[in-house]
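# Analysis of the macromolecular model
Single-letter residue listing:
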Amino acid sequence: MQEKILELINQYGGLSYDALLKFLKCAPTVLAEEIAKIENEKIYKIGKNYVIINGQDLIRGKVVYKNECFYVVCEDKRYFIDKNYWNNLYAKDEVIANVEEDYLGRITAYIIKVVSHSKEPIVAKRTSRVVENQVWFTVKDDSVNYQGIWVNKRLTLDSKIGDLCLVEPLYQSKKVLDGSVIKVLGKDGAIGSDILAVVAQSGVPYEFPLSVTEEADTILETVNEKELIDRVDYTNDLVITIDGDDSKDFDDAVNVKKLDNGNYLLSVHIADVSHYVKEYSELDNEALKR
């Protein structure tokens, strides 16, 4: 029925609920349920009529904040948002907007509805500022349009002043942005904390599911005789890894031998990762996701 609803609305350029009911000849409750499934996603109600969110003059997209300006991104296109709507927006909001030329001839987006606020965690630093059990966290992300976020003391986990934290926005207050600490990354400036902050802010996963770590723990650190079949044994040679102490994987190594004729033989060793990470295993599936 959803396809029929979309077809009718598109055909007539907009239809009211009563008009759709006459065309479809179904129970009112059935039509209401079907409309609810696609409203604000594929159709939007303007006045009495439902119209198609077509990605052209009526779009749904994500708000982007850049160079102190707001834009809405839809299908790889970016539209400048009229300044009259900036006060009511947060970066990464999902919105529905009209797109048309403004008085200067620019293609401009006019926000009709904020569908949802972003729940994407942001990196923020806990400060010493406390007002009525609310702790001020300074935002460390220039892609959002707010400089700080209030967190109730009960929702700060075990963070301390100066800690970098992942904070989930809650939007509880109409006047200020509230949030909840979901992870403490470490002291600002401490080794590793800055890397964790960048990784977390970018949305790249940096923690592993329990099923993956448990599978990794079953891999033996010693090599048994069966594994040496059809392989050359270099364990009695001086083989040196070329990965640094801070590497996340150690899979490249070299060794050098002086030959009887005075020449040197350089051997380069590359780890056979597939020997340990089998296809379709938990490790392989997680690697594919990343």
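To keep things clear, this report deals only with the structure shown in the data block. (Residues numbered from 1 in each chain as written. Predicted model: local features only at pLDDT ≥ 70, side-chain atom pairs only at ≥ 80, totals over all residues. Heavy atoms only, no water.)

### Points about the state of the cysteines
All told, the structure shown has 0 disulfides when counted by the stated rule. With no disulfide of its own, cysteine 69 lies closest to cysteine 74 among cysteine sulfurs, the gap being 20 Å. (Disulfide = S-S within 2.5 Å.)

### Quick notes on the sheet that holds strand S10 (residues 134-139)
Spatial ordering of the closed barrel is given by S9-S10-S11-S13-S12, a layout of 5 strands whose pairing is mixed. Strand-to-strand, the axes of this sheet are offset by a mean angle of 50 degrees, without reference to chain direction. Relative to strand S12 (residues 163-169), strand S9 (residues 122-131) is paired through 4 bridges, and the arrangement is antiparallel. Residue pairing in the sheet places lysine 125 in a bridge with leucine 164 of S12. Contacts between helix H4 (residues 193-202) and the sheet are confined to S9, S12 and strand S13 (178-187), with S13 contributing the most and set at about 140 degrees to the helix. (Pairing = 2+ DSSP bridges. Helix = DSSP H or I, 4+ residues; strand = E, 2+ residues; numbered from the N terminus. Axes fitted to C-alpha atoms, helices over the stretch in contact; angles between N-to-C directions. Contact = heavy atoms within 4.5 Å.)

### Describing the layout of surface pockets
Estimates place the volume of the largest pocket at around 1,900 Å³. Along the wall of the largest pocket there are 45 residues; nearest its centre are Phe250, Asp251, Ala271, Val273 and Tyr276. When contributions to the lining of the largest pocket are tallied by element, the ones reaching two or more residues are H4, helix H5 (210-217), strand S14 (240-241), strand S15 (252-258), strand S16 (264-270) and helix H6 (282-289). Considering every element that reaches the lining of the largest pocket, the biggest residue donor is H6, with 4 residues. Looking at the lining of the largest pocket, its residues break down into 25 nonpolar, 7 polar and 13 charged. (1 Å grid on protein atoms, 1.4 Å probe; cavity = no way out; pocket = protein on both sides within 12 Å on 5 of 7 lines; lining within 4 Å. Points joined across faces, edges and corners; volume = space filled by probe spheres on them. Nonpolar A, V, L, I, M, F, W, Y, C, P; charged D, E, K, R; others polar.)

### Some words on the sheet that holds S16
Spatially, the 3 strands line up as an open sheet ordered S14-S15-S16, and their pairing is antiparallel. If you trace the sheet from one side to the other, it starts and ends with S14 and S16, each paired once. Summarising the sheet, S15 and S16 pair through 7 bridges and their orientation is antiparallel. Within S16, the residue paired with alanine 253 across the bridge is histidine 269.

### Some details on the side chain of asparagine 255
Inspection of the secondary structure puts asparagine 255 in strand S15. For asparagine 255, a relative accessible area of 5% puts it in the buried group. Of note is the side chain of asparagine 255, whose polar atom sits 2.7 Å from the side chain of histidine 269. Once residues within four sequence positions are removed from consideration, asparagine 255 is found in contact with Asp237, Leu238, Val239, Leu265, Leu266, Ser267 and His269. (Buried < 20%, exposed > 50% of the residue type's maximum accessible area, 1.4 Å probe, protein only. Polar contact = N/O pair within 3.5 Å; in protein donor to acceptor, adjacent residues only side chain to side chain.)

### Quick word on the environment of glutamate 132
Here glutamate 132 shows up in the loop between S9 and S10. Along the sequence, glutamate 132 and asparagine 98 sit 34 residues apart, while their C-alpha atoms lie 41 Å from each other.

### Thoughts on the pattern of salt bridges
Evaluation of the coordinates by the stated rule reveals 16 salt bridges. With its nearest N and O atoms 3.5 Å apart, the salt bridge here joins arginine 60 to glutamate 94. Taken as a pair, arginine 60 in strand S4 (residues 58-66) and glutamate 94 in strand S7 (residues 94-101) lie far apart in primary sequence, 34 residues in all. With a closest N to O distance of 4.0 Å, aspartate 141 and lysine 92 form a salt bridge. Here the residue aspartate 141 occupies a position in the loop between S10 and strand S11 (148-152), and lysine 92 occupies one in the loop between strand S6 (77-81) and S7, the gap between them amounting to 49 residues. (Salt bridge = Lys/Arg side-chain N within 4 Å of Asp/Glu carboxyl O.)

### Digging into unusual backbone geometry
In this model, asparagine 67 sits at a positive phi of 50 degrees, which is unusual for a non-glycine residue. Along the chain, asparagine 67 turns up in the loop between S4 and strand S5 (69-74). One non-glycine residue, tyrosine 280, lies in positive phi territory at about 70 degrees. Residue placement: tyrosine 280 occurs in the loop between S16 and H6.

### A short note on the pairing of strand S8 (residues 107-116)
Judged from the 2 bridges that link them, S6 and S8 form a sheet pairing that is parallel. By the bridge assignment, phenylalanine 80 is partnered in S8 with threonine 108. Bridge count for S7 against S8 is 8 bridges, and the pairing is antiparallel. Across the sheet, residue valine 95 finds its bridge partner in S8, namely valine 114. Hairpin geometry of S7 and S8 is characterised by an intervening segment of 5 residues between the two adjacent antiparallel strands and by a positive phi of about 85 degrees at glycine 105.

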